[in-house]
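Survey of secondary and tertiary structure
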Amino acid sequence: MNIYEILNMPLRDVVPLGITIVFSFIFGSCLGSFLNVCIWRIPLGESVVVVPSHCPKCNHKIRWFDNVPVIGYLALGGKCRDCKAPISPRYIIMEVLVGVLFTVQVVNIWYNKAEVYWLIAVIIMLSVAVPCAFIDIEHRKLPDKLTYFGMIAGVLFCWIFPGYPESRPDYLLWSLTGLASGIIGVGVFAWLTGKCLKKRALGGGDVKYAGFLGALYGLPGLLVSLCLASILAVLIYLLFRKKYFKDGTVPFGPFLGIAVYLYTLAGLVRIG
């Protein structure tokens, strides 16, 4: 049995549930640790790969054993080993959060007898949705590095993994159609609403995010996620506009992230 055949097997036929839960949280917390780096460095234009982890206060390189997700933070008592400066609780919160988010998705895959390769789709989804949500809240932008990664990874995923080799061209076309629909459709909508309202309703980052949704989940995932995100954004705006949205604008990234996460969880990503 080769790797491709294993990836196309139901997850529950490969790994027991108990082991699935434990390793899912461990991997998810590690992913959360890396996404923390992305959230901090990408808006600053810093590399997330070349530059090693370091304390933002004293610039000392963080030792590998202090970098262990969750455990490292607790062992240090939330302080830098060298300068004793407090470490933001955001780090451990993000590690636990992504660990839980990933575990929930993996358990859903296991119970629904979905194939192993859907783990890769979940990783791609979280790798874009989580950092985009937090960066958009803080900086009000959706970085090109993340949305471009999502588009490329989405197309490659649909081309390489689902189905059997002879069906790859169909899945590739399915993904490219979704990508084009997201970029062109949402791009035209953003332009028209900007002309009609005399102000920008959607930014270029939102358009590229739509391309990512279409590339990974096709036209159905694009439409469902956009509709759900729009409904959530309008509801939150109406409820909290006087307290949090006095300027009349709402960061769309968090709602897109919630929507694509729920879409994935609902199992609507199953194609064919």
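Right, let's walk through the structure included here. (Residues numbered from 1 in each chain as written. Predicted model: local features only at pLDDT ≥ 70, side-chain atom pairs only at ≥ 80, totals over all residues. Heavy atoms only, no water.)

**Topic: the overall build of the protein chain**
- Assigned secondary structure in the protein chain consists of 9 helices and 0 strands.
- Ordered by position in the sequence, the α and β elements of the protein chain form the string α-α-α-α-α-α-α-α-α.
- A globule of 272 residues ought to have a C-alpha radius of gyration of about 19 Å, and the protein chain, at 20 Å, matches this closely.
- Within the protein chain, the proportion of its 272 residues that are buried is 44%.
- Here the analysis covers contacts within the protein chain between residues at least 6 apart in sequence; of these, 70% occur between residues at least 24 apart. (Helix = DSSP H or I, 4+ residues; strand = E, 2+ residues; numbered from the N terminus. Rg over C-alpha atoms; globule rule 2.2 N^0.38 Å. Buried < 20%, exposed > 50% of the residue type's maximum accessible area, 1.4 Å probe, protein only. Contact = heavy atoms within 4.5 Å.)

**Structural notes on the packing of helix H2 (residues 17-41) against helix H5 (residues 118-139)**
- Two numbers describe how H2 lies on H5: the axes approach to 10 Å, and their chain directions differ by 40 degrees. Taken together, the axes of H2 and H5 lie oblique to each other. The handedness of the crossing between H2 and H5 comes out as right-handed. Facing H2, whose interface residues are Phe-27, Leu-31, Leu-35, Cys-38 and Ile-39, H5 presents Ile-123, Leu-126, Ser-127, Val-130, Pro-131, Phe-134 and Ile-135.
- Residues belonging to the contact of H2 with H5 are distributed by class as follows: 11 nonpolar, 1 polar and no charged. (Axes fitted to C-alpha atoms, helices over the stretch in contact; angles between N-to-C directions. Parallel < 35°, antiparallel > 145°, perpendicular 65-115°, else oblique. Left-handed = near helix turned anticlockwise from the far one by under 90°. Nonpolar A, V, L, I, M, F, W, Y, C, P; charged D, E, K, R; others polar.)

**Brief notes about a nonpolar patch on the surface**
- A cluster of nonpolar side chains, Ile-183, Ile-184, Val-188, Trp-191 and Leu-192, forms an exposed patch at the surface whose accessible area comes to about 480 Å².
- The topology assignment puts Ile-183 in helix H7 (residues 168-197). (Patch = residues over 30% accessible without salt bridge, like charges linked within 9 Å, V, L, I, M, F, W, Y side chains within 5 Å. Areas by Shrake-Rupley, 256 points an atom, 1.4 Å probe, with all protein chains shown as cover. Salt bridge = Lys/Arg side-chain N within 4 Å of Asp/Glu carboxyl O.)

**Thoughts on the state of the cysteines**
- Applying the stated criterion across every chain yields a total of 0 disulfides.
- With no disulfide of its own, Cys-38 has Cys-132 as its nearest cysteine by sulfur position, at a separation of 10.0 Å.
- A relative accessible area of 4% places Cys-38 in the buried class. (Disulfide = S-S within 2.5 Å.)

**A few points about helix H4 (residues 90-111)**
- For H4, with 22 residues, the first-to-last C-alpha span of 31 Å sits near the 32 Å given by 1.5 Å per residue.
- Within two residues after H4, Lys-113 carries a phi angle of roughly 60 degrees, on the positive side. (Expected span 1.5 Å × (residues − 1).)

**Some points on the pattern of salt bridges**
- In the structure shown here, the tally under the stated rule is 1 salt bridge.
- With a closest N to O distance of 2.8 Å, Asp-144 and Lys-208 form a salt bridge. With Asp-144 in helix H6 (residues 144-160) and Lys-208 in helix H8 (residues 204-240), this pair connects stretches of sequence that are 64 residues apart.
- Among the residues examined, Asp-144 registers a relative accessible area of 35% and is labelled partly exposed.
- Take Lys-208: its relative accessible area is 21%, and that puts it in the partly exposed class.

**Some remarks on the side chain of Asp-136**
- Here Asp-136 shows up in helix H5.
- At 5.8 Å, Arg-140 is the nearest oppositely charged side chain to Asp-136, a buried residue that forms no salt bridge.
- At 2.7 Å, the side chain of Asp-136 and the backbone nitrogen of Gly-253 are in polar contact.
- Non-local contacts of Asp-136, meaning those with residues more than four positions away in its chain, are made with Lys-141, Leu-142, Pro-251, Phe-252, Gly-253 and Pro-254. (Lys, Arg positive; Asp, Glu negative; His and termini not counted. Polar contact = N/O pair within 3.5 Å; in protein donor to acceptor, adjacent residues only side chain to side chain.)

By themselves these figures say nothing about function.
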